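A structural walkthrough
The chain contents come next:
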Amino acid sequence: MKIAVTESEHFSSLALKKLSEIGTVKLLDCKSEQELVAEGIDASILFVRLKFKITNSVIDQLPNLKYILSATTGTDHIDEDYFASKGGKIITLKGETNFLESIPSTAEHTWALILSLIKKVPFAFDDVKRGNWNRDAFKNNNLRGKNIAILGMGRVGKQVAHIASAFGMKIGFYDTLSFESSYERFENPEALFNWADIISIHIPYTKENDNFIDEKLINYTKKEVFFINTSRGRVWNEKIIAKKLEEGSIKGIATDVIHDEFQHADIENDLIALAKRGFNIIVTPHIAGATFESMAMTEEFVVEKFLRIIVENL
């Protein structure tokens, strides 16, 4: 087997060792889709992260490709249906609940965004770097007693809620699944949004969740609400979110994802454009899961999962 590993810098040495036991591993350092295709042309197995979108065009140009491995829970970076129609299989972390509960990175980054936004940390630091020391300009709010709304009480949502309890916050959530919880459950997202001071988004991207947070739902929020998104950029209507912030209907936004992130930095994104104009918004480049420890753990788990599947199919 020929195995191509994209974005190979800092890739788990243990995962690479296990892959090398079943085939020839090629480490790619591609800057473009064209380079990815050229360097991975002979691969039957492709390990990807989130730098490239594996479109039907890429798939068509990799004629030997049988497996795509991705150490992610979501697959919106892969044309999944098209690859399946070509007989390909995708190996991910989706559904691996027990393992994923050991991964804290996304919840930790969610709280980094919450604290940075509400405590005005990056804005105050930028002002200090300009030579100022204006304490009164950066007064902010306590978290204790505030209502934090968790949209999607899955693995990350539960971790975020657990940390919120340490701050003495009131915790509410909406989820389509039924389960026992000590937190306040809302029967619909409209009621949750109307109650919230902070809304933290943790629903997966699916066709059903495309633009789940639309103008109608956003209109239920308080004027002073903060939005945090470490899910996917396509679960909300980004243009409406930007519009509401610009007109003052939203107090602040912190997001690790944008709608068109696969086009990379040459885009003129609505949220990034507002950040450049000084609005109360923080954007990070999809780094919530990008810790050395978590990436190594997930890479190794996906490789082990792939090897089990290979053995089962022998």
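Up top you'll find the structure we're talking about.
So, here's what we can say about the structure. (Residues numbered from 1 in each chain as written. Predicted model: local features only at pLDDT ≥ 70, side-chain atom pairs only at ≥ 80, totals over all residues. Heavy atoms only, no water.)

**Describing the packing of aromatic side chains**
A complete count under the given rule lists eight aromatic pairs for this structure. Residues Tyr 67 and Phe 306 carry aromatic rings whose centres are separated by 5.0 Å and whose planes lie at 70 degrees to one another, so their mutual orientation is edge-to-face. Of this pair, Tyr 67 sits in strand 4 (residues 67-70) while Phe 306 sits in helix 13 (residues 292-312), placing them 239 residues apart in sequence. Accessibility assignment for this pair places Tyr 67 and Phe 306 in one class, buried. Centre to centre, the rings of Phe 227 and Trp 236 are 6.3 Å apart; their planes meet at 70 degrees, and the pair counts as edge-to-face. Grouping residues by exposure puts Phe 227 and Trp 236 together as buried. Aromatic ring contacts, followed pair by pair, group Phe 193, Phe 227 and Trp 236 into a single cluster. Directly above the ring of Phe 179 sits Lys 158, whose terminal nitrogen or CZ lies 5.1 Å from the centroid. (Phe/Tyr/Trp six-rings, centres within 6.5 Å; stacked < 30°, edge-to-face > 60°. Helix = DSSP H or I, 4+ residues; strand = E, 2+ residues; numbered from the N terminus. Buried < 20%, exposed > 50% of the residue type's maximum accessible area, 1.4 Å probe, protein only. Lys NZ or Arg CZ within 6 Å of the ring centre and 35° of its normal.)

**Section: empty space enclosed by the protein**
In this structure the tally under the stated criterion is two cavities of 30 Å³ or more. Along the walls of the second largest cavity sit Leu 117, Ile 118, Lys 120, Asn 141, Phe 226, Lys 251 and Asn 280, which together make up its complete lining. (1 Å grid on protein atoms, 1.4 Å probe; cavity = no way out; pocket = protein on both sides within 12 Å on 5 of 7 lines; lining within 4 Å. Points joined across faces, edges and corners; volume = space filled by probe spheres on them.)

**Notes on the layout of surface pockets**
Considering only enclosed or pocket space, the second largest pocket measures out at about 280 Å³ in volume. Surrounding the second largest pocket, 16 residues form its lining, Glu 7, Ser 8, Glu 9, His 10 and Arg 49 being those nearest its centre. A class-by-class count of the residues in the lining of the second largest pocket yields seven nonpolar, four polar and five charged. (Nonpolar A, V, L, I, M, F, W, Y, C, P; charged D, E, K, R; others polar.)

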